[in-house]
Each structure stands twice: as C-alpha cells, then as structure tokens.
Amino acid sequence: MSNPLRFSLNSSKISSFSFSPFSPSSLIFPKSGVPRPNQTPSSRISSLNVLGPLQFTRPKRLASFKVHASIAETNQPKWWEKNAGPNMIDIHSMQEFLSALSQAGDKLVIVEFYGTWCASCRALFPKLCKTAQDYPNIIFLKVNFDENKSMCKSLNVKMLPCFHFYRGSDGLLESFSCSLAKFQKIKDAITKYDIGHSSNGQPKGVGDLHPS
C-alpha cells in the first residue's frame, strides 16, 4: 500500500504522466464508457475530433471518381460511329455510295439508312453489327439520313431504319423498312440473295443517279 501512495504524491511523476502523448489506439479507437488510466474526459473528446476530418475525405474521393468516369464516357464513340469490321463502311456522299457499289463487284451490298435520333435504328444497330461479323463476304454501307438528305430522297428513302440490297449489274434487289422485332426479314433477304453471282457493268437502279 505504501508504493501507490508514494507514486501519487510524487509531483514529478504525475507531471510526466499527465503530459505523455496518447497512444494512437486510444485516440482512434477509444473504448466507450470506460476511460483509460491516461485518458481524461477531455482527451476522449479530442480523440473524437480526430475522426472528424477523416470522415469528410471519402466523399471527395467518390466525387473525383465520378468526374473521371464521366470524362471517360465522353471519349467513347457514339453508337452510330461504331463499326463491326472492314466490311462495314460509312457513306458520306453520293460519290462515295456509287464508288462503294462499283468496288463491291458481284458481292451482296446491304445499305442501312439511319438517323442518330431514331430509337429503332439504335435498338437494331448492335444486331446489324453482329450480322456483319457473321457475313464478312457481304458489304454493309451506313448512310446517315440527316447528312445525306438529297441522296436519300433520290433513293426513295421515306422511313427509318431502311435497308436496300444491291448486287453487281442486278442493281437494287429489294428495299424495305425494318425494326428490331422484324430483324428476321433481313436474315431472310440475306439467305435469298447471298449466292454466287458474276456480272459486269454498273449496278441497275443507280444509273440515273449522279454524284452531288
């Protein structure tokens, strides 16, 4: 009993004990209800204050992540800018259209007329890309309606999405409007027209058209 009494009366020991730094575990993880021997009520309040700034750092990191994610999304190509492969070509003028038909020779050419604002065009497009990958011997041409209104008018395109099937001197084989629900119509036309065919000359149905 004499040792504890001498310890409490020794002012130097009390002074050194009172100003010794708190351990990190007592500051960050204080035990509720039971203070530690070297922890006064005011020190428990200080330990809680230490946690305050840490709680505000996490939302800042999340906000930063969202900003970077949105920037990454803007760098992605728009849905109509994606191509399935080398056999899917964007057409920007009548000259490019006629040139693509001439270079295709006797290959089957499928032309899609679409609008960037057209919900049916967007819904159908992924399946069209998959079809282009499944039929690498077929040429797929994409024509933006808003960029080529005069050409679309010359080709009698009135509804979107619209599809034209061409091949060599046979020219225009078939044309129709099609939605995702009726995509089998495109598959049936491919089965019908994607056959061996050899011919020469300018495709029929486009002889009266001239580059704009």
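- Per an unreviewed UniProt entry, the recorded name for the protein is Thioredoxin domain-containing protein, and the organism is Vitis vinifera.
- In the Sequence similarities (unreviewed entry) part of its UniProt record, the protein is described as follows: "Belongs to the thioredoxin family."

**Topic: the confidence of the model for the protein**
- Scored by pLDDT, the protein has a mean of 73; 57% of the residues are at 70 or more.
- When pLDDT is averaged over each helix and strand of the protein, the minimum, 44, is found for helix 2 (residues 11–18) and the maximum, 97, for strand 2 (residues 108–114).
- Counting contacts from residues 1–20, a segment whose pLDDT is below 50, to residues more than four positions away or on other chains yields five contacts.
- Throughout residues 197–204 the model reports pLDDT below 50, and contacts reaching past four residues in sequence, or to other chains, amount to 20 contacts.

**Observations concerning the nonpolar core**
- Among the nonpolar cores identified, the biggest contains 44 residues, and Phe-97, Phe-113, Leu-141, Phe-163 and Phe-165 are the most heavily contacted of them.
- Elements with a minimum of two residues in this core: strand 1 (88–91), helix 5 (94–104), strand 2, helix 6 (119–134), strand 3 (139–144), helix 7 (149–154), strand 4 (162–167) and helix 8 (184–193).
- Beyond its immediate sequence surroundings of up to four residues, Phe-163 is in contact with Ile-110, Val-111, Glu-112, Leu-124, Leu-128, Glu-174, Ser-175, Phe-176, Cys-178 and Ile-186.

**Regarding unusual backbone geometry**
- The residue after Leu-160, namely Pro-161, is reached through a cis peptide bond having omega -10°.
- The topology assignment puts Pro-161 in the loop between helix 7 and strand 4.
- Residue Asn-156 is not a glycine yet carries a positive backbone phi of 60°.
- Here Asn-156 is to be found in the loop between helix 7 and strand 4.

**Section: the pattern of salt bridges**
- A full pass over the atoms with the stated rule returns three salt bridges.
- Asp-90 is paired through a salt bridge with Lys-142; the nearest N and O atoms lie 3.3 Å apart. Taken together, the residues span a long stretch of sequence, with Asp-90 in strand 1 and Lys-142 in strand 3 at a distance of 52 residues.
- You can call Lys-142 buried: its relative accessible area is 1%.
- Among the ionic pairs, Lys-130 bridges to Asp-134, the shortest N-O distance being 3.0 Å. Here the residue Lys-130 and the residue Asp-134 both occupy positions in helix 6, the gap between them amounting to four residues, near one helical turn.
- Judged by its relative accessible area of 45%, Lys-130 is partly exposed.
- For Asp-134, a relative accessible area of 43% puts it in the partly exposed group.

**Considerations on helix 6**
- Over its 16 residues, helix 6 runs 24 Å from end to end, which matches the ideal 22 Å to within 8%, given 1.5 Å per residue.
- Taken as a whole, helix 6 carries its principal kink of about 40° at Phe-125; the proline Pro-126 stands between one and four residues after it.
- Buried residues along helix 6 sit in contact with strand 1, strand 2, strand 3, strand 4 and helix 8.

**What to know about the state of the cysteines**
- Counted by the stated rule, this structure contains zero disulfides.
- This cysteine, Cys-162, is not joined by any disulfide, and Cys-152 carries the nearest cysteine sulfur, 8.5 Å off.
- In this structure Cys-162 comes out as buried when scored by relative accessible area, which is 7%.

**Details of the environment of Trp-79**
- On the secondary structure map, Trp-79 appears in the loop between helix 4 (41–74) and strand 1.
- Placed 46 residues apart in sequence, Trp-79 and Phe-125 show a C-alpha to C-alpha distance of 8.0 Å.

The rules behind the values
Residues numbered from 1 in each chain as written. Predicted model: local features only at pLDDT ≥ 70, side-chain atom pairs only at ≥ 80, totals over all residues. Heavy atoms only, no water. UniProt positions renumbered as here; feature names shortened; annotations may be inferred. pLDDT = per-residue confidence, 0-100. Helix = DSSP H or I, 4+ residues; strand = E, 2+ residues; numbered from the N terminus. Contact = heavy atoms within 4.5 Å. Core = buried A, V, L, I, M, F, W, Y, C linked by side-chain atoms within 4.5 Å. Buried < 20%, exposed > 50% of the residue type's maximum accessible area, 1.4 Å probe, protein only. Salt bridge = Lys/Arg side-chain N within 4 Å of Asp/Glu carboxyl O. Expected span 1.5 Å × (residues − 1). Bend = angle between axes of the 7 residues up to and from the residue. Disulfide = S-S within 2.5 Å.

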